[in-house]
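Structural features, examined
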Amino acid sequence: MSDLSTREKIHPGTAPGEDIALEIVGDGDFATTDMTLSIGPAHPATHGVFRIVLELNGERITAARPVIGYMHRGFEKLAEYRDFRQIKALVNRHDWLSGFSNELGVALVVEKMLEMEVPDRAQWIRMLIAEWNRVLNHLMFVGSFALELGAITPMFYAFRERDEIQYLLEAATGGRLHFTYNQVGGLKLDLPKGFLAESVRLSKLTQERLPDYFDLVLGNEIFQARTVGVGPLPPEVALSFGVTGPTLQAAGVPEDSRVTEPYLKYDEVDVPVHLGENGDSFDRFACLLYRIQYSLHIIDQIHDHLPAGPVNTKLPKMVKAPEGAAYQRIENPLGQLGYWLESDGGRTPWRLKMRTPSFSNVQSIPYLLEGMLVPDAISVLGSVFFVVGDIDR
Amino acid sequence: MAATSPPGVGLLKGLGVTIKHLFKRPSTQMYPNERPDLPPRTRGVIALLEENCTVCMLCARECPDWCIYIDSHKETVPPAKEGGRARTRNMLDRFAIDFSLCMYCGICVEVCPFDALWWSPEFEYAEYDMDKLLHEKEKLREWADTVPPPPPLDEGALPVPEVAAAIDKVVKERELEEAKAEQAARDAELAQAAPAAAPAAAAAKAEEIHVEAGQIDQETFDALIAQGKSERMARAKAKAAYVKKEKARILAEQEAAAAAAPAAPKAEEIHVEAGQIDQETFDALIAEGKSERMARAKAKAAWVKKEKARIRAEQEAAAPAAEVAPAEVAPAEAAAVEAPPAAPAAEAAPARKLSDVHVEGSGEIDQETFDALIAEGKSERIARAKAKAAWIKKRKQEQLDAEGDA
Amino acid sequence: MNVELTASLSPAVFVPAPSAFDLDVAFGITVAIKVAFILALFLVVPLVVGYMEHKAMGRLQHRRGPVAAGPFGTLQLVADGIKFIQKEDVIPAAADRKVFALAPGLALVPAILVFLVLPFGPGVWAVDLELGLFYALAISSVSVLGVMMGGWASANKFSLIGGLRAGAQLIAYELPLILAAIAVAVQAGTLSLVGIVEAQATFTLPGTDLNLWFVFPQILGFVIFFLASLAELSRPPFDMPIADSELVFGYMTEYTGIKFAMYLLTEYAGMVSMSALMVVLYLGGWQLLPGVGLPGCEGAGGMFDCGWLGAIGGVVITLAKILILTFIMVWARVAYPRLREDQLQRLSWLVLVPLSLINLAVIAIAKVVVF
């Protein structure tokens with residue numbers, strides 16, 4: 001599983017985190033046996049049914065093997081028996097923290113196949129909600145990563161913010177987690193009155209509160225001691241594993257499909273991307289926090305741009321994608337999400353392949369964990385951002 | 001970026017951030033004591049307005065996890081008027097939603113063509129047992145009473161035509177009412193100015209009439225809500241409006257009593273409550289492929305028009321009863337009656353087309369056509385509308401054939 | 001022979017300060033009263049501290065904390081206790097049943113025994129031992145045996161790692177803890193906790209009449225003692241033996257019901273006894289402010305030989321100080337993530353131990369030269 005040859009190319013003769021190495025009793029007079037520790041499938045650090053089998057020498061990991069599939073729900077197969085309206089309700093459940101982005105991906109790929117013009121207002125509102133969804137998702141990870149390192153408070157602060165944002169989105173979409181607000185060709189309904197004013201207020205409020213996270217977590221010396229230099233992921237390795245999103249940006253790769261392959265109206269707004277330097281846990285977390293800040297920056301721009309007009313297009317009774325195939329990738333909160341849709345012209349897809357960011361991100365875990373201490377493994381698991389449903393699908 | 005500040009500052013900042021919150025008001029919402037204020041679009045529970053359900057089964061078929069259970073039977077409804085035909089109608093026996101399966105996607109609410117399913121923000125129906133989450137139509141009907149009115153849309157949104165029309169209508173009615181009330185008040189003042197005419201009558205000024213301000217004026221309330229006012233504001237204004245109206249009404253009554261002069265009842269404009277839709281128009285429009293909403297609006301207008309025409313006709317018939325010859329019946333029927341004795345006449349008019357025969361669309365459908373269309377993959381709605389059209393066509397053909405035979 | 005010379009050469013004979021419970025009644029009754037007193041303290045004060053922790057944590061985290069059980073949620077811990085009693089007592093099949101059952105008790109008993117020597121107010125102590133400080137530190141570190149036993153007997157790898165971490169942590173932090181305490185004993189000239197309070201009541205800044213607590217000359221020692229006691233109690237940011245996100249719940253993973261509650265009670269009792277020790281060693285015991293005596297008291301610094309009023313006032317002051325110290329512990333828990341085990345060891349051996357040695361040396365020299 002682990003890619004030793006790649007590692008040795010990059011760090012000849014070393015293991016990550018060697019500077020903090022303790023003396024390990026090896027094969028001598030006092031040989032010890034390795035212990036196998038199974039973290040998960042139900043463990044507080046895996047936030048979901050995800051399992052990692054660790055081979056331990058003392059507290060040092062000699063090998064790590066992620067075991068995935070505990071939450072396989074067969075989304076791709078289910079999608080072959082659902083029409084697009086039903087798929088939309090289905091896909092916002094594989095990564096349950098980015099429901100809106102997921103359904104947006106499906107809507108976009110179907111629109112691509114239909115060569116459909118989506119009204120401007122719908123595109124801007126989609127962007128607005130997608131960015132709020134990104135903030136929601138990242139706040140969750142800010143809280144949970146800090147919690148895994150033992151800081152309990154950021155979780156509560158993050159949930160306070162999340163609750164207000166969820167309330168805002170609920171006013172527009174009716175849902176707090178699974179929004180089902182998109183439809184092929186636009187949105188189900190227009191925004192309710194007062195939504196934008198509230199959105200402006202919340203964006204301001206969250207920006208005011210964001211420094212708290214920088215002070216409480218990012219600037220904390222204990223946090224830095226736990227994350228700086230822990231689990232560095234070099235850009236080549238990250239790319240070879242297909243890692244995307246904040247985890248890749250932390251490695252210094254400026255890849256963000258909002259910038260490199262803009263969809264919706266992202267080419268009309270300023271989309272800053274924060275890049276890390278070392279790709280370690282600290283950089284990954286910093287990227288996450290900065291992405292919140294930049295998403296709020298984008299949200300502010302959307303408030304200024306939002307045009308008036310219709311939010312949906314007239315649809316036939318049954319939306320059918322024409323025969324053929326299309327691929328659409330979007331920047332999901334956790335990384336790049338891609339939907340490859342192949343249709344035989346029927347009311348359901350012939351095949352809907354999902355390229356989910358979490359699945360690719362966890363591929364780097366064996367590489368990252370080898371040679372680490374158990375507490376560092378937690379620091380890595382928390383910062384290689386994944387949602388278990390998104391891995392197993 | 002990392003540790004640019006002197007060591008220890010980060011630790012102190014952490015203490016600072018947390019202690020800052022010690023003196024803030026906790027953000028906890030005290031849930032069981034304090035009700036959450038949920039937005040109207042909240043997908044809390046699916047409510048069923050049973051009266052609107054036509055057992056079309058669309059919701060049950062579109063549901064991604066098949067959690068809606070519907071049973072029904074057909075029932076023959078006696079004719080509404082003398083000489084009409086009995087109709088069959090689908091009667092709902094069972095409508096149940098298994099909320100342990102439901103994934104709250106809202107597709108059923110979206111597809112319901114007759115607005116029988118609604119989202120309600122009610123959420124407190126958790127159970128200890130999964131079986132108890134299967135809720136029958138009685139329970140679903142109860143939730144229908146908790147459905148809030150939809151929120152007004154953002155300024156940049158395209159207005160929904162019916163809502164805009166409804167708001168216009170309410171505003172106009174209000175203006176009319178206000179004008180009337182003002183007129184009444186002016187009349188009352190005039191009556192006051194002429195004490196000789198009604199010395200016994202109480203000097204009823206608007207100020208002196210006391211009206212208990214307990215009720216609200218529903219119209220005003222609805223209009224204000226539709227304009228996006230807060231509920232409290234709307235209620236207050238509606239109360240004021242109610243008081244005003246009541247006063248105006250009482251004044252008018254008093255005035256009438258004082259004058260004691262029989263006012264010549266004017267031929268009032270015929271007012272028809274626009275609540276129902278004209279099924280024929282609706283079906284026709286649907287068959288033409290109009291949107292349901294549009295069809296409904298037009299059908300409502302058509303119904304009002306028809307009703308007015310009918311009422312006017314009745315009134316006219318009642319007033320000069322003796323003058324109109326009773327033989328004046330609908331020409332088609334007359335022709336049909338007259339046709340048999342006058343054989344040449346029947347020959348002279350062989351070109352009777354289907355369009356000349358009138359058959360009332362009863363809502364029945366032609367099962368064959370329906371099945372065929374469904375088999376072709378048409379949507380149920382289209383199939384039903386077309387099947388209705390087919391049924392009417394067949395009936396007409398039958399009628400024509402009968403005439404031909406005769 | 002010169003009496004004075006004898007006194008200065010031979011070790012001073014320790015006369016225990018009398019406890020308020022040493023009444024003129026039968027020995028058995030005195031013992032019963034003292035046991036009742038210790039148990040009452042042991043059961044009530046940790047509950048108060050626990051409630052404070054719940055509430056303070058809530059408010060620091062922008063929420064309310066317990067509100068439902070009792071007025072303002074005051075009975076939350078009582079409700080929790082009742083819940084723990086009702087819970088099923090699960091013992092893992094592979095566990096060493098006897099050791100598993102014994103471990104929480106072994107952790108709990110030393111936590112009770114420490115209360116024996118802690119002075120809470122003028123005369124409000126069970127017994128004034130000559131080796132009071134030694135006794136308190138020695139007995140409080142026995143608790144870790146219970147923790148290690150629990151970790152071993154659970155037959156769970158997470159528990160085992162937790163137990164071993166607890167052992168390593170104890171060894172690392174006992175040293176700075178004791179070195180810091182020795183500096184106090186050197187300055188006070190006694191190991192008796194009551195004696196240390198008395199010494200603080202009479203200690204003045206050299207050359208002036210300004211009464212000072214030991215925290216002022218020994219601020220470094222106080223910080224070391226505070227950090228070391230946090231580590232010894234496995235309180236965040238030094239809670240690696242529990243580390244819920246890594247080790248599930250460390251040595252407590254397999255424990256349920258009343259046994260789990262015993263571990264929890266041990267932790268809160270430990271917070272109280274460690275805070276009480278800090279109050280006695282550094283913060284002047286039941287003295288309100290340096291140089292301020294209690295009403296109706298005589299003795300050294302106006303803090304001994306009090307009536308009921310003085311005794312109650314003293315207890316209130318001590319408890320208030322304990323609450324402030326435990327609040328700081330809670331505050332640190334709320335504000336910080338946890339360290340890694342090796343960072344914790346490094347902090348102890350490379351920072352705290354040298355610093356506490358320096359502190360000891362400075363105090364010892366100052367004791368001879370200045371004080």
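Treat the numbers as computed from the prediction; the structure is a model and nothing was measured.

Along an α-helix, residues three or four positions apart point the same way, because every turn accommodates 3.6 residues. Residues and elements named next belong to chain C. Under the 1.5 Å per step criterion, the end-to-end length of helix α9 (residues 219-232) is 20 Å for 14 residues, consistent within 8% with the ideal 20 Å. Most of α9 is tucked away: 10 of the 14 residues are buried. Taken together, the buried positions of α9 are G221, F222, I224, F225, F226, A228, S229, L230, A231 and E232. Buried residues belonging to α9 abut α5 (132-140), α7 (157-188), α11 (257-282), α12 (308-335) and α13 (341-369). Positioned one or two residues after α9, S234 has a phi angle of 55 degrees, which is positive.

Moving on: unusual backbone geometry. Of note, the bond from P236 of chain C into P237 of chain C is cis; its omega dihedral lies within 30 degrees of zero at 5 degrees. Tracing the backbone through its elements, the reader meets P237 of chain C in the loop between α9 and α10 (244-247). We note that T180 of chain A has phi near 40 degrees; this positive angle belongs to a residue other than glycine. For T180 of chain A, the location among the structural elements is in the loop between α6 (153-173) and β4 (182-183). The backbone of M57 of chain B sits at a positive phi, close to 70 degrees, despite the residue not being glycine. Inspection of the secondary structure puts M57 of chain B in the loop between β1 (45-48) and α2 (58-62). On the basis of relative accessibility, which here comes to 31%, the residue M57 of chain B falls in the partly exposed class.

In this section: the interface of chain A and chain B. Counting residues at the interface gives 48 residues for chain A and 43 residues for chain B. Approximately 3,700 Å² of surface area, both sides summed, lies buried where chain A meets chain B, with 53% of it carried by carbon and sulfur atoms. Counting the surface chain A buries against chain B, the share from its top three residues, R85, K193 and E221 of chain A, is 17%. Seen at the junction of chain A and chain B, the total is six salt bridges. With a closest N to O distance of 2.9 Å, K20 of chain B and D212 of chain A form a salt bridge. If you list the elements that add at least two residues to the side of chain A that touches chain B, you get α3 (84-91), α6, α7 (195-218), α8 (221-227) and α12 (281-305) of chain A. Looking at the side of chain A that touches chain B, the element that brings in the most residues is α6 of chain A, giving eight residues. Class assignment of the residues belonging to the side of chain A that touches chain B gives a composition of 19 nonpolar, 13 polar and 16 charged.

Moving on to the pattern of salt bridges. Under the counting rule described, the total for this entry stands at 47 salt bridges over all chains. Between R258 of chain A and D256 of chain A there is a salt bridge, and its shortest N-O distance comes to 2.9 Å. Each member of the pair, R258 of chain A as well as D256 of chain A, is classed as buried. Two residues, E142 of chain B and K139 of chain B, come together in a salt bridge whose shortest N-O distance is 3.8 Å. Remark: K139 of chain B and E142 of chain B occur in helix α4 (residues 137-144); sequence separation between them is three residues, near one turn of the helix.

Moving on: empty space enclosed by the protein. Residues and elements named next belong to chain C. Under the definition given, this model contains four cavities of 30 Å³ or more. Lining of the largest cavity is provided by 24 residues; of these, S143, V147, E232, L233 and T266 occupy positions nearest its centre. When residues in the lining of the largest cavity are grouped by element, the largest group, six residues, is from α11. Here the lining of the largest cavity is composed, by residue class, of 14 nonpolar, eight polar and two charged. By volume, the second largest cavity amounts to about 90 Å³.

Listed as interface residues are 25 residues of chain C and, on the opposing side, 33 residues of chain A. Interface area lost by chain C to chain A is led by S245, P337 and R340 of chain C, which between them contribute 24%. Scanning the region where chain C abuts chain A turns up one salt bridge. We note a salt bridge from D376 of chain A to R340 of chain C, for which the minimum N-O separation is 2.8 Å. There are nine residue pairs in polar contact (both at pLDDT 80 or more) connecting chain C and chain A. For the side of chain C that touches chain A, the elements supplying multiple residues, two or more each, are α2 (27-60), α7, α10, α12 and α13 of chain C. For the side of chain C that touches chain A, the per-class residue count stands at 12 nonpolar, four polar and nine charged.

Conventions we followed
- Residues numbered from 1 in each chain as written.
- Chains lettered and ligands numbered in written order.
- Predicted model: local features only at pLDDT ≥ 70, side-chain atom pairs only at ≥ 80, totals over all residues.
- Heavy atoms only, no water.
- Helix = DSSP H or I, 4+ residues; strand = E, 2+ residues; numbered from the N terminus.
- Expected span 1.5 Å × (residues − 1).
- Buried < 20%, exposed > 50% of the residue type's maximum accessible area, 1.4 Å probe, protein only.
- Contact = heavy atoms within 4.5 Å.
- Buried area = accessible area lost by both parts, 1.4 Å probe.
- Salt bridge = Lys/Arg side-chain N within 4 Å of Asp/Glu carboxyl O.
- Nonpolar A, V, L, I, M, F, W, Y, C, P; charged D, E, K, R; others polar.
- 1 Å grid on protein atoms, 1.4 Å probe; cavity = no way out; pocket = protein on both sides within 12 Å on 5 of 7 lines; lining within 4 Å.
- Points joined across faces, edges and corners; volume = space filled by probe spheres on them.
- Polar contact = N/O pair within 3.5 Å; in protein donor to acceptor, adjacent residues only side chain to side chain.

Just distances and angles here, no functional claims.
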